[in-house]
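Read off the chains here:
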Amino acid sequence: MSDTPFGFGLPPEEPDDGDEGKQKDQQSGGGQGPANPFGFGGLPGAGGFGAGGADNPLAAMFGSLNPTDLGAAFQQLGQMLSFEGGPVNWDMAKQIARQTVAQGTPDGVKDASVGPAERSAVEEAVRLADLWLDDATSLPSGSGSALAWSRAEWVEATLPAWKELVDPVAERVGAAMGDVLPEEMQAMAGPLIGMMRSMGGAMFGTQIGQAVGVLAGEVVGSTDIGLPLGPAGKAALLPANVEAFGKDLGVPKEEVRLYLALREAAHQRLFAHVPWLRSHLFGAVDGYARGIKVDTAKLEDVVGQFDPQNPEQLQDALQQGMFQPEDTPQQKAALARLETALALVEGWVDAVVHAAAKPRLTSADALRETLRRRRASGGPAEQTFATLIGLELRPRRLRDASRLWASLTDARGVDGRDGLWAHPDMLPTATDLDDPDGFVHREHMDFSELDKMLGEAADKPDLHKKTDGETGRGKDEETE
């Protein structure tokens, strides 16, 4: 991920003619190193706006273009500034994500369409994983289909979820851009505010697109970060990334694929058969994100000195600590709620998958530990969220939650353990993770029966009332 969280620019197009395309790209200023992540330079031998290099935003955007492409570039700039579709320019995000994917990963591996053999292997792995999970959980299969995605397909499939997660913070920035001006000036400065919001949406779109594109080169499925990013009921793996994940582990690739299929299929079961869970998790993210405040003092300085010829001012403000979590009891509670929910989901998947894999895969312990460290050490998913919404989606108490679910299995059996997902109030809390034995042996109310009773009461007609057609009045019938 770039060190400029809201970097302003577009990555170079993917060469469509192999090595010749790479050479052509190098000649035109593209393919530069990490110091210039989007690979734009100045026009060779040209002055004016092309001579400023990375310090000149117009040079950064258009410096590498030849005269033939310049008109199209200015047209794209006009579209960006006229964007009115919301707090994030998602069209731009999608375009940049796909272009970032097309560039390939740092190890030089390009994205490619998934072949029939790889699709068949993923389908078989998910089918076998679901069969094994039948013995480890009472929740039935949640995978209506098994998909093998390329990285570009992962981008397309997950963008709707990213939109739901990122828009709350972006909305706060857009509102703050208008609120920093005095009310009497807002009408006069309407066009300027509109342009600033369009620029903000473009910058969000740029960064989101780059982040999602980079992430697409590293995730192995649709549930890597503990949230359901893909379509419901579709278990998905990325064969190219699965192979890269297992490359240096010394484990047969079939076992790696099957273990990752177990994790994907377990997540799908949980999200499919715990109907409130998705909204609970996304609501926790939204609740935390809405408690992030924008540094309006810094934004006021930017607005007061804003020069339309220097849009990088907005970029600098966005990347230099503008997002600050509010230090309030409500915000701390929102963060604790989110961290606990993530830990419970990841801990349950960890415990269930281990129970299913341990008797069957010799590499189960090694793969489990590898994935635990990958999630707990703050990998690419955490960095992505920290950049986009000021939030680290790290299940900090993954091991504690996994131990608690395992203890529940020993004490209550699979049905008793999984029955806790019937209602959010039945789940362990952060305090329970500190005292798992106390929670395991505590008596719990059966909320499913309570919900059933309440539902029946709501559906039951009121026998103490008659309709107007029966009595000619709509009041309670008097007792005789």
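These numbers were taken from a predicted model, which means no experiment stands behind them. (Residues numbered from 1 in each chain as written. Predicted model: local features only at pLDDT ≥ 70, side-chain atom pairs only at ≥ 80, totals over all residues. Heavy atoms only, no water.)

## Side note on the overall build of the protein chain
- Scanning the protein chain from N- to C-terminus turns up 21 helices and 4 strands.
- Long-range pairs, those at least 24 residues apart, make up 76% of the contacts in the protein chain between residues at least 6 apart in sequence.
- Total accessible area computed for the protein chain in this model is approximately 23,100 Å², and 51% of it derives from carbon and sulfur atoms. (Helix = DSSP H or I, 4+ residues; strand = E, 2+ residues; numbered from the N terminus. Contact = heavy atoms within 4.5 Å. Areas by Shrake-Rupley, 256 points an atom, 1.4 Å probe, with all protein chains shown as cover.)

## What to know about the nonpolar core
- Counting 94 residues, the largest nonpolar core has Trp-154, Leu-277, Trp-348, Trp-405 and Trp-421 as the members making the most contacts within it.
- Considering every element that reaches this core, the biggest residue donor is helix H14 (residues 329–357), with 14 residues. (Core = buried A, V, L, I, M, F, W, Y, C linked by side-chain atoms within 4.5 Å. Buried < 20%, exposed > 50% of the residue type's maximum accessible area, 1.4 Å probe, protein only.)

## Quick word on helix H11 (residues 277–289)
- Taking 1.5 Å per residue as the helical rise, H11 with its 13 residues ought to reach 18 Å, and the 18 Å between its terminal C-alpha atoms agrees with that figure.
- If you check which residues of H11 are buried, you get Leu-277, His-280, Leu-281, Phe-282, Ala-284, Val-285, Tyr-288 and Ala-289. (Expected span 1.5 Å × (residues − 1).)

## Some details on the confidence of the model for the protein chain
- With 57% of its residues at a pLDDT of at least 70, the protein chain reaches an overall mean of 74.
- Taken together, the stretch residues 1–64 has pLDDT below 50 and engages in 102 contacts with residues farther than four places along the chain or on a different chain.
- Here residues 463–480 is a poorly scored stretch, pLDDT under 50, and it has 10 contacts once near neighbours within four places are set aside; other chains count. (pLDDT = per-residue confidence, 0-100.)

## Focus on the pattern of salt bridges
- Following the criterion strictly, the structure yields 21 salt bridges and no others.
- With a shortest N-O distance of 3.1 Å, Arg-360 and Asp-135 are connected by a salt bridge. Of this pair, Arg-360 sits in the loop between H14 and helix H15 (364–376) while Asp-135 sits in the loop between helix H5 (116–133) and strand E1 (145–148), placing them 225 residues apart in sequence.
- Residue Arg-360 is classed as partly exposed on the basis of its relative accessible area of 34%.
- By relative accessible area, Asp-135 is classed as exposed at 60%. (Salt bridge = Lys/Arg side-chain N within 4 Å of Asp/Glu carboxyl O.)

## Focus: helix H4 (residues 90–103)
- Compared with an ideal rise of 1.5 Å per residue, which puts 14 residues at 20 Å, H4 spans 20 Å between its outermost C-alpha atoms and is within 8% of the ideal.
- Residues of H4 that are buried: Trp-90, Met-92, Ala-93, Ile-96, Ala-97, Gln-99, Thr-100, Val-101 and Ala-102.
- The distance from a side-chain oxygen at the start of H4 to the backbone nitrogen of Asp-91 is 3.4 Å, and the residue carrying that oxygen is Asn-89.
- Following H4 by one or two positions, Gly-104 has its phi on the positive side, about 90°. (Polar contact = N/O pair within 3.5 Å; in protein donor to acceptor, adjacent residues only side chain to side chain.)

## Some details on the packing of aromatic side chains
- Counting across every chain of the model gives 4 aromatic pairs.
- Seen from their ring centres, Trp-348 and Trp-421 are 6.4 Å apart, and the 85° between their planes marks the pair as edge-to-face. Here Trp-348, found in helix H14, pairs with Trp-421, found in the loop between helix H17 (398–418) and helix H18 (430–434); they are 73 residues apart in sequence, far enough to count as distant. Each member of the pair, Trp-348 together with Trp-421, is buried.
- The class for Trp-421 is buried, based on a relative accessible area of 3%. (Phe/Tyr/Trp six-rings, centres within 6.5 Å; stacked < 30°, edge-to-face > 60°.)

## Section: the pairing of E1
- The side-chain alternation of E1 yields one buried face, formed by Ala-146 and Ala-148, and one unburied face, formed by Ser-145 and Leu-147.
- In the sheet, E1 pairs with strand E2 (residues 234–237) via 4 bridges, with the strands oriented parallel. The residue bridging Ala-146 from the neighbouring strand is Ala-235, located in E2. (Pairing = 2+ DSSP bridges.)

## Comments concerning the packing of H11 against H14
- Running from amino to carboxyl end, H11 crosses H14 at an angle of 145°, the nearest separation of the two axes being 9 Å. Seen along the crossing, H11 lies across H14 with a hand that is left-handed. Side by side, H11 and H14 meet where Leu-277, His-280, Leu-281, Gly-283, Ala-284, Val-285, Gly-287 and Tyr-288 of the first sit next to Gln-331, Ala-334, Leu-335, Arg-337, Leu-338, Ala-341, Leu-342 and Val-345 of the second.
- Classifying every residue of the contact of H11 with H14 gives 11 nonpolar, 4 polar and 1 charged. (Axes fitted to C-alpha atoms, helices over the stretch in contact; angles between N-to-C directions. Left-handed = near helix turned anticlockwise from the far one by under 90°. Nonpolar A, V, L, I, M, F, W, Y, C, P; charged D, E, K, R; others polar.)

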